Amino acid sequence: MSSSNSPLQRFLSRFILQPPLVENVALPNRQAAVLVPIVAHPCPTLLLTRRSATLRQHAGQVAFPGGMRDAEDESLVITALREAEEEVAIPPEAVEVIGVLPPVTSSTGFQVTPVVGIIQPGLRWYPNEGEVESVFEMPLEEALRLGRYAPLDVHRNGLHHRIWLSWFDDYFIWGMTAGIIRRLSLQVEKYARSG
């Protein structure tokens, strides 16, 4: 791998050395997982997708590759890798899984586990046209800049929810995806301050 002072190595040391916070929140029983793919360019990027406009749920939204856990999936890591292969043709063996973030709850009632993995540059993305409209990369340093996420407080069914919003080029990143990136940023930032 690259030198110990590269942006990717700095990210990895902070991510691996700072375990995810575990929150005591009641989570749904239905499980899903997403792959949070970091492309190991000299200046690393985060790989994201824009979902197809024809999908029944979350149409046109920016998302990580992922989906519902199948009965055959031995783990949520397997779920994330399987879904990434189905949606954008990332071979599971091309992903170096470095850890997971605490599960989050989706608006559709799933407990979603973000699986963080490193992929090497040069892989070709082949979006599944039925699910993915486009694939794009966002500089990791920019993605992890906390100031780029604006909060929006909403009240639904008598409950308070905070969602996060951000723009990157022509892509509007919000909801669970923005929340996962922001949580990753908070984890890395916490270690940077304490180290």
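Because the structure is a prediction, the values reported are computed rather than measured.

1. Quick word on the overall build of the protein
Scanning the protein for helices and strands turns up four helices and eleven strands. Out of the 195 residues in the protein, the part that is buried amounts to 43%. Partitioning the contacts of the protein with sequence separation of at least 6, the portion at a separation of at least 24 is 63%. Put simply, the protein shows about 10400 Å² of open surface, and 52% of that area lies on carbon and sulfur atoms.

2. Brief notes about the side chain of Ser6
As for its position among the elements, Ser6 is in the segment before helix H1 (7-17). Engagement of the side chain of Ser6 in a polar contact is seen with the backbone nitrogen of Gln9, the distance being 3.1 Å.

3. Points about the packing of aromatic side chains
Here the structure, examined in full by the defined rule, presents four aromatic pairs. Aromatic pair Phe136 and Tyr171: ring centres 3.6 Å apart, planes at 10°, arrangement stacked. Residue Phe136 is located in strand S8 (residues 132-139), and its partner Tyr171 is located in strand S11 (residues 171-174); the two are separated by 35 residues in the primary sequence. Tyr171 matches Phe136 in its accessibility class, with the two residues each being buried. On the basis of an interplanar angle of 20° and a centroid distance of 6.3 Å, the ring pair of Phe172 and Trp174 is categorised as stacked. Looking at Phe172, the relative accessible area reads 31%, which means it is partly exposed. On the basis of relative accessible area, Trp174 is assigned to the partly exposed category, the value being 30%. A network of ring pairs unites the aromatic residues Phe136, Phe168 and Tyr171 as a single cluster. Taking NZ or CZ as reference, Arg148 lies 6.0 Å from the ring centre of Tyr149, over its face. Residue placement shows Arg182 over the ring face of Trp164; its charged tip is 3.6 Å from the ring centre.

4. What to know about the layout of surface pockets
Approximately 380 Å³ is the volume found for the second largest pocket. Lining the second largest pocket we find 15 residues, and of these Pro7, Arg14, Leu140, Glu141 and Leu144 sit closest to its centre. Of all the secondary structure elements, the ones that give two or more residues to the lining of the second largest pocket are H1, helix H3 (140-143) and helix H4 (175-194).

Rules used throughout
- Residues numbered from 1 in each chain as written.
- Predicted model: local features only at pLDDT ≥ 70, side-chain atom pairs only at ≥ 80, totals over all residues.
- Heavy atoms only, no water.
- Helix = DSSP H or I, 4+ residues; strand = E, 2+ residues; numbered from the N terminus.
- Buried < 20%, exposed > 50% of the residue type's maximum accessible area, 1.4 Å probe, protein only.
- Contact = heavy atoms within 4.5 Å.
- Areas by Shrake-Rupley, 256 points an atom, 1.4 Å probe, with all protein chains shown as cover.
- Polar contact = N/O pair within 3.5 Å; in protein donor to acceptor, adjacent residues only side chain to side chain.
- Phe/Tyr/Trp six-rings, centres within 6.5 Å; stacked < 30°, edge-to-face > 60°.
- Lys NZ or Arg CZ within 6 Å of the ring centre and 35° of its normal.
- 1 Å grid on protein atoms, 1.4 Å probe; cavity = no way out; pocket = protein on both sides within 12 Å on 5 of 7 lines; lining within 4 Å.
- Points joined across faces, edges and corners; volume = space filled by probe spheres on them.

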